[in-house]
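Close look at the chain arrangement
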Amino acid sequence: MKPDLYLLADKLEKTGNLTDEEFAGILLCDDPDLFECLAAKARSKKEEHYEKKVFIRGLIEFTSYCRNNCYYCGIRRDNRKAARYRLSKDEILSCCDTGYSLGFRTFVLQGGEDPYYTDDIMAGIVGDIRDRYPDCAITLSIGEREKHSYQRLADAGADRYLLRHETADRDHYGSLHPEEMSFDHRMKCLWELRKAGYTVGCGMMIGSPGQNTEHLIKDLKFIKEFEPEMVGMGPFIPHKDTAFADEKAGSTQLTLKLISVIRLMLPKALIPATTALGTLDPAGREKGLMAGANVLMPNLSPVSVRKKYSLYDNKICTGEEAAECIRCLKERVSKTGYEIVTDRGDPA
Ligand code: 5AD
Ligand code: FES
């Protein structure tokens, strides 16, 4: 590997930042030695703050209805073939019960932007989970809402919020979303979530159609500026019933490289090794942990609805019970030298 790339990796490790040209040098280099060098530095940064711990979040995909029409997503409004479902409050609570007894201390309520779940209904669900599990973190991942709605759900007991920015480039955003969706509004939501007191996560797909190095550099700069506590990144994977059905999937290697780079930029970040990464590459989640990720998000949704929450094709773990997934994950994680822990896993 060229010596100047080692120097860049050192600079990133020491300062947590690089110039645009330097980021480009790292992103464009395919040398496996650079991957390993970045990953080794990312692992030691992670371990300074989190030792060998891997945090688990129980993902409850509670609605597959969505009012949005993002071109990449399998549950987009116009996909007539998508199977739609909604979980009731009792069904959601029963997922939490199962999760709690399996050791989960964070529940992530994720869904499409479904107007059925008004502020009243959502606040009722969040409030009941909060009452029943005072020792657990409640994370929401329910898209763009009004400022007062974010505030109300925080007041009801939600602690964290995941809203991927998807891309920090306005034109690229425009090519992934219909005109009715606004880049500015999405970014505004992230700042409002921060103001409402949430622990906030942003993130992007890697290898989404039209994405180039310049876009990724903008993502890195936005992430540096916003300083999210959590960063969710997975490879883009085409879904057969979308306009992007014939597009190429993102790359495992580039996803891993970005995990390492972001770990070095934000040493304390909570970074999941995503299900999309595990779908693209059977060892993707383990590789994600070795690249600097420290979170896994197994599915707690009822098996009867799992296949219906289909954002992309061939998603893994759609046939297994939660207990089965967690047993499998524990085994897989222990082989990497890391260890699943069952505390809330707040940011260090
Ligand atoms: N491939 C990979 N990730 C996807 N998402 C949506 N569709 C896809 C896809 N086809 C991601 C988006 C969204 C998150 C919930 O899932 O980044 O924010
Ligand atoms: Fe779900 Fe292995 S993690 S079955």
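See the structure above.
Calculation criteria
- In this convention, every chain numbers its residues from 1, walking through the sequence in written order.
- To label them, take the chains in the order written and letter them from A, then take the ligands in the order written and number them from 1.
- Where totals are concerned, whole chains, interfaces and linings use all residues; where local detail is concerned, this predicted model gives features only for residues with pLDDT of at least 70, and gives and counts side-chain atom pairs only at 80 or more.
- Only heavy atoms go into the side-chain values, all of them from the structure, while hydrogens and water stay out.
- Labels follow the DSSP assignment, with helices taken as runs of H or I lasting at least four residues and strands as runs of E lasting at least two, numbered in each case from the N terminus.
- Relative accessibility thresholds used throughout: buried, under 20% of the residue-type maximum; exposed, over 50%; partly exposed, between the two (1.4 Å probe, protein chains only).
- Throughout, a contact is declared for two residues whenever any of their heavy atoms are within 4.5 Å.
- Using a 1.4 Å probe, accessible areas were evaluated by the Shrake-Rupley method; residue-level cover was limited to the displayed protein chains.
- A positive count includes Lys and Arg, and a negative count includes Asp and Glu. His and the chain ends are not counted in either.
- Charge coordinates come from a single atom per side chain, which is NZ of Lys, CZ of Arg, CG of Asp or CD of Glu.
- A pair of strands is treated as paired once DSSP finds two or more bridges between them.
- The angle between two axes is taken between their N-to-C directions and runs from 0 to 180 degrees, where each axis is a line fitted to C-alpha atoms and a helix contributes only its stretch in contact.
- We call a residue near a molecule or strand as soon as one heavy atom of that residue lies within 4 Å of the molecule or strand.
- We call two N or O atoms a polar contact when they sit within 3.5 Å, provided that within protein one can donate a hydrogen and the other can accept it, with sequence-adjacent residues counted only if both atoms are side-chain atoms.
- Under the convention adopted here, Pro, Cys and the residues Ala, Val, Leu, Ile, Met, Phe, Trp and Tyr are nonpolar, Asp, Glu, Lys and Arg are charged, and Gly plus all remaining residues are polar.
- In summary, the pairing rule links any two rings of Phe, Tyr or Trp, Trp by its six-membered ring, whose centres are within 6.5 Å, and it sorts them by plane angle into stacked for under 30 degrees, edge-to-face for over 60 and tilted for everything else.
- Remark: a charge is flagged as sitting over a ring if the NZ atom of Lys or the CZ atom of Arg is within 6 Å of the ring centre and within 35 degrees of the ring normal.
- Should an angle lie under 35 degrees it is considered roughly parallel, over 145 roughly antiparallel, and from 65 to 115 roughly perpendicular; all remaining angles are considered oblique.
- The hand of a helix crossing depends on one turn: near helix anticlockwise from the far one by less than a right angle means left-handed, and clockwise means right-handed.

Comments concerning the overall build of the chain
The helix and strand inventory of the chain stands at 14 helices and nine strands. Seen through its principal axes, the chain has C-alpha atoms that stretch 60 × 45 × 40 Å. When the 348 residues of the chain are sorted by exposure, 59% land in the buried category. In the chain, of all internal contacts separated by at least 6 residues, the share reaching a separation of at least 24 is 74%. Within the structure as shown, the chain displays about 14200 Å² of accessible surface, and the carbon and sulfur contribution to it stands at 50%. If you average the places of the 50 positive and of the 54 negative side-chain charges in the chain, the two averages end up 2 Å apart.

Some details on the sheet that holds strand S4 (residues 137-141)
What the six strands build is an open sheet, ordered S2-S3-S4-S5-S6-S7; its pairing is parallel. The outermost strands of the open sheet, each flanked by one partner alone, are strand S2 (58-63) and strand S7 (230-235). Averaged over neighbouring strand pairs, the angle between their axes works out to 20 degrees when direction is ignored. Bridge count for strand S3 (residues 106-111) against S4 is five bridges, and the pairing is parallel. Its bridge partner being in S4, valine 108 is matched across the sheet by threonine 139. The sheet strands contacting helix H8 (residues 183-195) are strand S5 (160-162) and strand S6 (199-206), and the helix crosses S6 at an angle near 155 degrees.

Details of the site of ligand 1
Residues in contact with ligand 1, as listed here, are Tyr72, Cys73, Arg164, Glu166, Met205, Pro235, Phe236, Ile237, Leu311 and Tyr312. One nitrogen or oxygen atom from the side chain of glutamate 166 is found 2.5 Å from an oxygen atom belonging to ligand 1. Isoleucine 237 places a polar main-chain atom, nitrogen or oxygen, 2.7 Å from a nitrogen atom of ligand 1. Considered on its own, ligand 1 offers 410 Å² of accessible surface; in the complex 87% of this is hidden by protein. Of the residues assigned to the shell around ligand 1, the class counts are eight nonpolar, no polar and two charged.

Looking at the packing of aromatic side chains
Inspection of the entire model under this criterion finds twelve aromatic pairs. Here the aromatic rings of tryptophan 191 and phenylalanine 226 are separated by 4.8 Å at their centres, their planes lie at 90 degrees, and the arrangement is edge-to-face. With tryptophan 191 in helix H8 and phenylalanine 226 in helix H9 (residues 213-226), the pair connects residues that are 35 residues apart, well separated along the chain. Residue classification places tryptophan 191 among the partly exposed residues on the basis of a relative accessible area of 34%. What makes phenylalanine 226 buried here is its relative accessible area of 1%. A ring pair is formed by phenylalanine 236 and phenylalanine 244, whose centres lie 6.3 Å apart and whose planes are at 85 degrees; its orientation type is edge-to-face. Across this residue pair, the class does not change: phenylalanine 236 and phenylalanine 244 are buried. An aromatic cluster is defined as three or more aromatic residues linked by ring pairs; in this entry it consists of Phe62, Tyr116 and Tyr117. Between the NZ or CZ atom of arginine 86 and the centre of the ring of tyrosine 65, over which it lies, the distance is 3.9 Å. Seen from the ring of tyrosine 100, arginine 105 lies directly overhead, with NZ or CZ sitting 3.4 Å from the centre.

Digging into the packing of helix H5 (residues 119-132) against helix H6 (residues 147-156)
Packing of H5 against H6 brings their axes to within 8 Å, and their N-to-C directions diverge by 25 degrees. By the angle class used here, H5 and H6 are roughly parallel. The two elements H5 and H6 cross, and the hand of that crossing is right-handed. From H5, Asp119, Asp120, Met122, Ala123, Val126, Gly127 and Arg130 reach across to H6, where they touch His148, Ser149, Arg152, Leu153 and Ala156. A per-class count over the contact of H5 with H6 returns five nonpolar, three polar and four charged.

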